[in-house]
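This is what each chain is made of:
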Number of protein chains: 2
Amino acid sequence: MNPVSAPKPATLHDVAKAAGVSLITASRALGNPGVVSKATIEKVQAAVEATGYIPNRLAGGLKSKRSLMVGGIVPALSVAQFLPTLEALTAELATSGYQLILGQTSYDAAQEESVLDAMIGRQPDAIFMTGLVQSQKARDRLRRSGIPVVESWDLSDRPVDMLVGFSHVKVGSAVGGYFLGKRWKRIGIASGDDHRARMRRDGFQTTLGREVPTVFVPAPSSLELGRRALGELLDKEPKLQAICCSSDQLAHGVIVEALARGLRVPQDLAVCGFGNADFGAHTVPSISTVHVDGAEIGRLAARLIVARCKGEVIDQPVIDVGFRMIERQSTAI
Amino acid sequence: MNPVSAPKPATLHDVAKAAGVSLITASRALGNPGVVSKATIEKVQAAVEATGYIPNRLAGGLKSKRSLMVGGIVPALSVAQFLPTLEALTAELATSGYQLILGQTSYDAAQEESVLDAMIGRQPDAIFMTGLVQSQKARDRLRRSGIPVVESWDLSDRPVDMLVGFSHVKVGSAVGGYFLGKRWKRIGIASGDDHRARMRRDGFQTTLGREVPTVFVPAPSSLELGRRALGELLDKEPKLQAICCSSDQLAHGVIVEALARGLRVPQDLAVCGFGNADFGAHTVPSISTVHVDGAEIGRLAARLIVARCKGEVIDQPVIDVGFRMIERQSTAI
DNA sequence: CTGTTAGCGCATTCAA
DNA sequence: TTGAATGCGCTAACAG
């Protein structure tokens, strides 16, 4: 099928022969040039060009115990929330020669375990998790594997290892405090059914000092689900003044549905989102939200990983990146 | 730092000893159970449980020449267009034990080459590309590496190897034909500046039989860029009747800006997108678009890869998944 | 059905 | 600064 049947990829052996040096000298010329004479390095590099040599990292990793791979685990790739994190993580790791192996859990603890096992078998130098490790079994396995782990997008009393995140309860409190300041009485919540969204809801309700009518929607949230959620909330509470949403996608849907029903936003219904998605600043009305620097989470995680793999001591293995509320038109009343 | 310093992960050697069989028998019990007696398999599995053994796929891959890894290359993770493809690809490959290694090119040919080299060094059993391989150098390297390649999201006269995609020129023609049928005279284009969006524009203009005023925006396209694009197009052509956009994100932005300027959509301005993003069916007005089954592209690619890796003959290495126009409110006039 | 032998390609010991 | 030997953990061959 392949027209040019592969003429056997060159190995380091071929490079060494072509350069007229020993195998190990060739190896050092490429991997540890400081220890080799300049002339030899040049010979070896010429031989690399001539042979089209590409190092076999499987073999290198087997011996050196450094695979230069990092496992990255997400619930699902389609969760827009995590994309900037993954993108920054991948890019930052690439600058140090690491590549990311992707795993998806589908929000399922059993799948999380199996995907982690598959990862561990690949001997990654570290594992990055969006969110916290769910199952206790998986936590134990990770600990025993000795692989550095970075959990993210959350805080925890007992992280598996390192952590870059923020407090969802505090986010909920902050939004709750903002709502209190506006003196809205009839309030509703449209929330994803995942753990982190529930934590934000908890913080929100605690600060308001009462339970708030809530509609839960399945992940991943979307404009469509936001529209439906508003309908259901209005059924529960026809005179709603304000809605707190667990994502900007939901908030957008709530706004679209509100406008379609002839409600003015924010005059008749104020709406707040979460995540500071790219579109939120440019819709009409623009969407008030909570900004979290997802890309920064990815960059910081990458730096922790690289530092740890270099054997450096990490004096701050848990980083709280915080968040900030952004008031836009959808709540500006 | 890790509280429990790893007590040396168990190897197959440990499992064999615990099970009282030879190394290779343990290997077969796990990897090729059909050839081993039931009693032995049970003994080995018990030993696996007892030791907490996780196979080292680096070592296995080195010997067997099957790494069970597939390289996946995207311009950037944040290009929403490709997410369903990647998600389906990853999930489908996982069912056969393969995992995806991620690479990002940032739409840059040099980076494409370097990321491909990094991939090849990891000995993936196949490489999946969103789009076609850009640089000739990279094409040659891939061919010589002998690694199965699936290009996607496009068609080509001379694919590197396998291909799952569709014709962007035909998409443009189809939308052009649709516009012709509506008898709109004053038409504009808001287009991404990438190769595939340009191909669609070419097809569109060819079918219309003339050049069409165009605003190009940088990737990744967004609602914000759509709003700006409409402004620029109206500067060029104040009495625009219809706009063809290279993505639903752009179309959405164009619509938002149009409504903000007091234009009715579609009565004053008709707008068509591309990609059938999830929100397009639920905005007001809903967005006419071209549907491409991105998830199906991922699934088909995964099946091609798995089949090829099994040594099966691929009788159809190039698959055209086609597309279909979806008329919604934004052009229903 | 099971075991023995021999490497996969490279980097970490050592020694020169 | 360079080289020779050794083995990482596993599996493809062959034998029994």
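Looking at an unreviewed UniProt entry, one finds chain A named LacI family DNA-binding transcriptional regulator and attributed to Variovorax ureilyticus.

Colleague: Give a description of the pattern of salt bridges that names residues and reports values.
Modeller: All names here are of chain A. Across all of its chains, the model carries 24 salt bridges over all chains by this definition. A salt bridge links Arg 308 to Asp 161, with the nearest nitrogen and oxygen atoms 2.9 Å apart. With a gap of 147 residues between them, Arg 308 in helix 12 (residues 294-309) and Asp 161 in the loop between strand 4 (149-152) and strand 5 (162-165) connect regions that are remote in the sequence. Across the pair, exposure class does not vary: Arg 308 and Asp 161 are buried alike. Among the ionic contacts, a cluster of salt bridges with common partners joins Arg 227, Glu 257 and Arg 261.

Colleague: Describe the interface of chain B and chain A, naming the residues involved and giving the relevant values.
Modeller: Contacts between the two partners involve 63 residues from chain B and, on the opposite side, 62 residues from chain A. Between chain B and chain A lies a buried interface of about 5300 Å² when both sides are counted; carbon and sulfur atoms form 61% of it. Contact with chain A buries surface across chain B, with Leu58(B), Gln99(B) and Arg122(B) losing the most and accounting together for 15% of the total. If you look at where chain B meets chain A, you find 0 salt bridges. The interface formed by chain B and chain A contains 18 residue pairs in polar contact (both at pLDDT 80 or more). Of the residues contributing to the side of chain B that touches chain A, the split by class is 32 nonpolar, 19 polar and 12 charged. Looking at chain direction, strand 2 (residues 99-104) of chain A and strand 2 (residues 99-104) of chain B are connected through 3 bridges and run antiparallel. When the sheet's bridge partners are listed, Leu100(A) is paired in strand 2 of chain B with Leu102(B).

Colleague: Let's hear about the protein's contact with DNA strand C: which residues, and what values?
Modeller: Contacts to DNA strand C come from 24 residues, most closely from Leu12(A), Tyr53(A), Thr25(B), Arg28(B) and Lys63(B). When atoms of DNA strand C within 4 Å of the protein are sorted by moiety, sugar and phosphate together comprise 56%. A distance of 2.6 Å separates a phosphate oxygen of DNA strand C from a polar atom in the side chain of Ser27(A). For DNA strand C, a phosphate oxygen lies 3.3 Å from a polar atom in the backbone of Asn56(A). Mapped by element, the contributors of at least two residues to the surface near DNA strand C are helix 2 (23-31) and helix 4 (57-64) of chain A together with helix 2 (23-31) and helix 4 (57-64) of chain B.

Colleague: How would you sum up the sheet that holds strand 8 (residues 242-245) of chain A? Please name residues and give values.
Modeller: Residue and element names in this part refer to chain A. Strand order in the open sheet made by the 4 strands is 7-6-8-9, with parallel pairing throughout. With partners counted over all chains shown, the strands left at the sheet margins are strand 7 (214-217) and strand 9 (270-272), one partner each. Between one strand axis and the next, the sheet turns through 15° on average, direction left out of account. Here 4 bridges tie strand 6 (residues 187-192) to strand 7, and the two strands are oriented parallel to one another. What sits directly across from Ser 191, in strand 7, is Phe 216. Seen against the sheet, helix 8 (residues 168-182) touches strand 6, strand 8 and strand 9 and runs at an angle of roughly 170° to strand 8. Seen against the sheet, helix 10 (residues 223-236) touches strand 6, strand 7 and strand 8 and runs at an angle of roughly 155° to strand 7.

Colleague: Hey, could you go over the environment of Gln104(B) for me, with residue numbers and the actual values?
Modeller: Within the element layout of this structure, Gln104(B) appears in strand 2. Residue classification places Gln104(B) among the buried residues on the basis of a relative accessible area of 9%. Gln104(B) sits 28 residues away from Ala76(B) along the chain, and the two C-alpha atoms are 5.3 Å apart. Apart from residues lying up to four places away in sequence, Gln104(B) is in contact with Glu87(A), Thr90(A), Ala91(A), Val74(B), Pro75(B), Ala76(B), Leu77(B), Gln111(B) and Val115(B).

Colleague: Account for the protein's contact with DNA strand D, naming residues and giving values.
Modeller: For DNA strand D, the set of nearby residues contains 26 residues, the closest of which are Thr25(A), Arg28(A), Thr40(A), Leu12(B) and Tyr53(B). For DNA strand D, the backbone makes up 60% of the atoms found within 4 Å of the protein, where backbone means sugar plus phosphate. In this structure, a base nitrogen belonging to DNA strand D sits 3.5 Å away from a side-chain N or O atom of Lys63(A). At a separation of 3.2 Å, a base nitrogen of DNA strand D approaches a polar backbone atom of Ala59(B). Those elements that provide at least two residues to the surface near DNA strand D are helix 2 and helix 4 of chain A together with helix 2 and helix 4 of chain B. Per element, the largest residue contribution to the surface near DNA strand D is 5 residues, and it comes from helix 4 of chain B. Its residues placed into classes, the surface near DNA strand D shows 12 nonpolar, 9 polar and 5 charged.

Colleague: Describe the sheet that holds strand 1 (residues 69-74) of chain A, naming the residues involved and giving the relevant values.
Modeller: Taken together, the 12 strands give an open sheet; going across it, the order is 11(A)-5(A)-4(A)-3(A)-1(A)-2(A)-2(B)-1(B)-3(B)-4(B)-5(B)-11(B), and neighbouring strands pair in mixed fashion. The open sheet has two edge strands with one neighbour each: strand 11 (318-320) of chain A together with strand 11 (318-320) of chain B. The sheet shows a mean angle of 20° between the axes of neighbouring strands, taken without regard to direction. Inspection of the sheet shows strand 1 (residues 69-74) of chain B paired to strand 2 of chain B by 6 bridges, in the parallel sense.

Colleague: Quick rundown of the domain arrangement of chain A? Include the residues and the values.
Modeller: Residue and element names in this part refer to chain A. When cut into domains, chain A gives domain 1 (12-55), domain 2 (67-166 + 294-323) and domain 3 (168-291). Put simply, the middle of domain 2 and the middle of domain 3, counted by C-alpha atoms, are 29 Å apart. With 12 residues of domain 2 at the contact, the number on the domain 3 side is 14 residues. Summing both sides of the interface, domain 2 and domain 3 together bury roughly 1100 Å²; the carbon and sulfur share of this comes to 62%.

Colleague: Break down the side chain of Thr331(A) for me, with residues and values.
Modeller: Residue and element names in this part refer to chain A. Tracing the sequence through the fold places Thr 331 in the segment after strand 12 (324-326). At 2.7 Å, the side chain of Thr 331 and the side chain of Tyr 178 are in polar contact. Thr 331 has contacts with Tyr 178, Lys 182, Trp 184, Pro 266, Ala 270, Val 271, Cys 272 and Ser 288, leaving out every residue within four places of it along the chain.

Colleague: Describe in detail the relation of the copies chain B and chain A, supporting the description with residues and values.
Modeller: Overlaying chain B on chain A yields an RMSD of 0.1 Å, the required transformation being a rotation through 180° with an accompanying axial translation of 0.0 Å. The superposition operator between the copies reduces to a two-fold rotation axis. Relative to the rotation axis, the C-alpha of Ile101(B) is the closest in chain B, positioned 2.2 Å from it. Most of the interface of chain B is mirrored in chain A, where 98% of its interface residues are also at the interface.

Colleague: Break down the packing of helix 8 of chain A against helix 9 (residues 195-208) of chain A for me, citing the residues and quoting the values.
Modeller: Residues and elements named next belong to chain A. Axis separation between helix 8 and helix 9 bottoms out at 6 Å; the angle between their running directions is 40°. Put simply, helix 8 runs oblique to helix 9. The two elements helix 8 and helix 9 cross, and the hand of that crossing is right-handed. Packed against helix 8, whose contacting residues are His 168, Val 169, Val 171, Gly 172, Ser 173, Val 175, Gly 176, Gly 177, Phe 179 and Leu 180, the element helix 9 presents Arg 196, Met 199, Arg 200, Gly 203, Phe 204, Thr 207 and Leu 208 at the interface. Residues that form the contact of helix 8 with helix 9 fall into these classes: 8 nonpolar, 7 polar and 2 charged.

Colleague: How would you summarise empty space enclosed by the protein if you had to cite specific residues and measurements?
Modeller: Residue and element names in this part refer to chain B. For the structure shown, the criterion picks out 2 cavities of 30 Å³ or more. When its volume is computed, the largest cavity comes out at roughly 120 Å³. Listing elements by their share of the lining of the largest cavity, those giving two or more residues are helix 8 (168-182), strand 6 (187-192), helix 9 (195-208) and strand 8 (242-245). Tallying contributions element by element places helix 9 first for the lining of the largest cavity, with 4 residues. When grouped by side-chain class, the residues that make up the lining of the largest cavity number 10 nonpolar, 4 polar and 2 charged.

Rules of the game
Residues numbered from 1 in each chain as written. Chains lettered and ligands numbered in written order. Predicted model: local features only at pLDDT ≥ 70, side-chain atom pairs only at ≥ 80, totals over all residues. Heavy atoms only, no water. Salt bridge = Lys/Arg side-chain N within 4 Å of Asp/Glu carboxyl O. Helix = DSSP H or I, 4+ residues; strand = E, 2+ residues; numbered from the N terminus. Buried < 20%, exposed > 50% of the residue type's maximum accessible area, 1.4 Å probe, protein only. Contact = heavy atoms within 4.5 Å. Buried area = accessible area lost by both parts, 1.4 Å probe. Polar contact = N/O pair within 3.5 Å; in protein donor to acceptor, adjacent residues only side chain to side chain. Nonpolar A, V, L, I, M, F, W, Y, C, P; charged D, E, K, R; others polar. Pairing = 2+ DSSP bridges. Near = heavy atom within 4 Å. Axes fitted to C-alpha atoms, helices over the stretch in contact; angles between N-to-C directions. Domains from an automatic or database assignment. Least-squares fit on C-alpha atoms with pLDDT ≥ 70 in both. Parallel < 35°, antiparallel > 145°, perpendicular 65-115°, else oblique. Left-handed = near helix turned anticlockwise from the far one by under 90°. 1 Å grid on protein atoms, 1.4 Å probe; cavity = no way out; pocket = protein on both sides within 12 Å on 5 of 7 lines; lining within 4 Å. Points joined across faces, edges and corners; volume = space filled by probe spheres on them.

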